[in-house]
Number of protein chains: 2
Amino acid sequence: MTDKQVAILQTALELFSNKGFYAVSTNLIAKEAGVSEGLIFRHFQNKVGLLNAVMQMGKEKVEPLLASIIELPDSAKRVQAIMELPFHIGEQDYPFWRLIYSLKWQNDFYDDEMSKPTKDILVKALTELKYADADAEADLIMSYVDGFATTVLLKRDSINTAKLLETLRKKYIQ
Amino acid sequence: MTDKQVAILQTALELFSNKGFYAVSTNLIAKEAGVSEGLIFRHFQNKVGLLNAVMQMGKEKVEPLLASIIELPDSAKRVQAIMELPFHIGEQDYPFWRLIYSLKWQNDFYDDEMSKPTKDILVKALTELKYADADAEADLIMSYVDGFATTVLLKRDSINTAKLLETLRKKYIQ
DNA sequence: AATGTAAGTAAGTAATTGCTTACAAATGTA
DNA sequence: TACATTTGTAAGCAATTACTTACTTACATT
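Numbering of residues begins from 1 in every chain and follows the order in which that chain's sequence is written. Whichever chain is written first is A, and whichever ligand is written first is 1; the rest continue in order. It should be noted that, the model being predicted, local features are given only for residues of pLDDT at least 70 and side-chain atom pairs only at 80 or more, the latter also being counted only at that level, while totals for whole chains, interfaces and linings use all residues. Excluding hydrogens and water, the side-chain values take into account all heavy atoms of the structure.

**What about the overall build of chain A?**
Turning to step 1, where the next piece is worked out: Only DSSP runs of H or I reaching four residues or more are called helices, and only runs of E reaching two or more are called strands; each is numbered from the N terminus. Scanning chain A from N- to C-terminus turns up nine helices and zero strands.
Turning to step 2, where the next piece is worked out: Scanning chain A from its N terminus toward the C terminus, one meets helices and strands in the order α-α-α-α-α-α-α-α-α.
Turning to step 3, where the next piece is worked out: Expressed as lengths along the three principal axes of its C-alpha atoms, the size of chain A is roughly 55 × 30 × 30 Å.
Turning to step 4, where the next piece is worked out: The buried label goes to any residue with under 20% of its type's maximum accessible area, the exposed label to any with over 50%, and the partly exposed label to all in between, with areas taken from a 1.4 Å probe on protein chains only. Counting over 174 residues, chain A shows a buried share of 49%.
Turning to step 5, where the next piece is worked out: We call two residues in contact whenever any of their non-hydrogen atoms come within 4.5 Å of each other. The contacts of chain A with a sequence gap of at least 6 include a subset with a gap of at least 24, amounting to 66%.
Turning to step 6, where the next piece is worked out: Accessible surface for chain A amounts to roughly 8,800 Å². Of this, 52% is attributable to carbon and sulfur atoms.
Turning to step 7, where the next piece is worked out: In this count, Lys and Arg are taken as positive residues and Asp and Glu as negative ones, while His and the chain termini are left out. Lysine's charge is taken at NZ, arginine's at CZ, aspartate's at CG and glutamate's at CD. The distance from the centre of the 21 positive side-chain charges to the centre of the 24 negative ones in chain A is 4 Å. Here the Shrake-Rupley method, with its probe set to 1.4 Å, supplies the accessible areas, and only the displayed protein chains count as covering residues.

**Regarding the protein's contact with DNA strand D**
Turning to step 1, where the next piece is worked out: Of all residues adjacent to DNA strand D, which total 16 residues, the nearest are Thr26 and Lys47 of chain A together with Lys4, Ser36 and Arg42 of chain B.
Turning to step 2, where the next piece is worked out: Across the atoms of DNA strand D situated within 4 Å of the protein, the share located in sugar and phosphate is 55%.
Turning to step 3, where the next piece is worked out: Pairing of N or O atoms within 3.5 Å defines a polar contact, subject to two protein rules: one partner must be a possible hydrogen donor and the other a possible acceptor, and residues neighboring in sequence count only if both atoms are side-chain atoms. One of the backbone N or O atoms of Val24 of chain A is found 3.4 Å from a phosphate oxygen in DNA strand D.
Turning to step 4, where the next piece is worked out: Within the side chain of Thr2 of chain B, an N or O atom sits 3.1 Å from a phosphate oxygen of DNA strand D.
Turning to step 5, where the next piece is worked out: Of all the elements in the fold, those that place two or more residues in the surface near DNA strand D are α3 (37–44) of chain A together with α3 (37–44) of chain B.
Turning to step 6, where the next piece is worked out: Looking at the surface near DNA strand D, the element that brings in the most residues is α3 of chain B, giving four residues. Any residue with a heavy atom lying within 4 Å of a molecule or strand is counted as near it.

**Structural notes on the packing of aromatic side chains**
The geometry of an aromatic ring pair is captured by the separation of the ring centres together with the interplanar angle, meaning the angle of the planes.
Turning to step 1, where the next piece is worked out: Working definition: a ring pair exists when centres of Phe, Tyr or Trp rings (six-membered ring for Trp) sit within 6.5 Å. Plane angles under 30 degrees give stacked, over 60 give edge-to-face, the rest tilted. Inspection of the entire model under this criterion finds 21 aromatic pairs over all chains.
Turning to step 2, where the next piece is worked out: Centroid distance Phe16 of chain A to Phe21 of chain A: 5.1 Å. Interplanar angle 55°. Geometry classified as tilted.
Turning to step 3, where the next piece is worked out: Site record: aromatic cluster; members linked through ring pairs are Phe87, Tyr144, Phe148 and Tyr172 of chain A together with Phe87, Tyr144, Phe148 and Tyr172 of chain B.
Turning to step 4, where the next piece is worked out: Here, a charge over a ring means that NZ of Lys or CZ of Arg falls within 6 Å of the ring centre while also lying within 35 degrees of the ring normal. Taking the ring centre of Phe21 of chain A as reference, the NZ or CZ of Lys47 of chain A above it sits at 4.5 Å.

**Quick look at the relation of the copies chain B and chain A**
Turning to step 1, where the next piece is worked out: Here the copies are superposed with least squares, the fitted atoms being C-alpha atoms of residues at a pLDDT of at least 70 in both. Least-squares fitting of chain B to chain A yields an RMSD of 0.0 Å, with the superposition described by an axial translation of 0.0 Å and a rotation of 180°. Between the two chains, the operation in question is that of a two-fold axis. If distances are taken from each C-alpha of chain B to the rotation axis, the shortest is found for Gly147 of chain B, at 1.8 Å.
Turning to step 2, where the next piece is worked out: Interface residue correspondence from chain B to chain A reaches 100%, placing this contact among same-surface, isologous pairings.

**Regarding the environment of Trp97 of chain B**
Turning to step 1, where the next piece is worked out: With respect to the element layout, Trp97 of chain B can be found in helix α6 (residues 94–104).
Turning to step 2, where the next piece is worked out: Setting aside its immediate chain neighbours within four residues, Trp97 of chain B contacts Val62, Ile89 and Leu153 of chain B.

Here is the structure:
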């Protein structure tokens, strides 16, 4: 990967996540990245190809995070880790997660499969913890996580997310 | 309001909420609504004006819902009603709520003020219920609600929302 | 040094964008 | 009936869209 290729990917991520895929033109991306517009199409075929490359780059950064959770020996700790996931997103990964969540709401790009591995970990852990209905419990926690992610990614300026995590922990950790 | 004006508003709501504001052209809206494109601009000045009118229409349908919650005499019931809000959205109001939530993720349209009245009700109720930190508790519940809304609006086909509500109630209602 | 390949650009392309204009039909009001 | 206003349309507008073409520059391999 050349410098300009990286520049295109990074500015595209930044712009897509802040304004949305359709609101950003390839012309703008090229200008902000300091490259010619044609280069985008040389490297990524078309605009959707660029989006896919941006997503791929993000996923590769995220996968190890989930892998490290699977390795936790304590089931309860695994559940806790997933529930607190949004609070431990590094600032540098915010644009990627904002992109994920904004694309959720657009029919053309909605991908239900992405969250499945996370839910599977939850169901397995909750079953081990003898929950009567592990699946329903997992769905509930997945909803929580979506809510926490929304708050962390959109309201970090207006609300104290550290305190939010503290309040959450008081409820679930004895 | 004429029939065609209503047709424009309804198709715009449907298209905006499914594909996003920038992904939908005024040309498409006009075609789907069965009117000339010019009529959109006659009635709503410009595309953003149309979006505002769509939002206004939705808000007017939603406000009475919040008003009826305020009138509940029991503080705990008020908290419960807000927490369960997403589960009681009528199917006919899904497009409006999907639009609200999708716009949240676009910088140009993000409006933090919209959820404030709801949070205020929560803080007041939780204070009455003698919560030590009513504000933090309210923020947590607001996060829950965002998560439930996301689930209900996006995953109603793949998960059982009735069961989700049941599981939630087992946790919070004794 | 010669040559093939990848990286990069400038200047286009047709199609679509949001929006305007000029005019006609419908509707209300005296 | 006459006239004013609102509702509606068809055709066109400049600007922008995603994408292509024709070309040059840089770099690796023999």
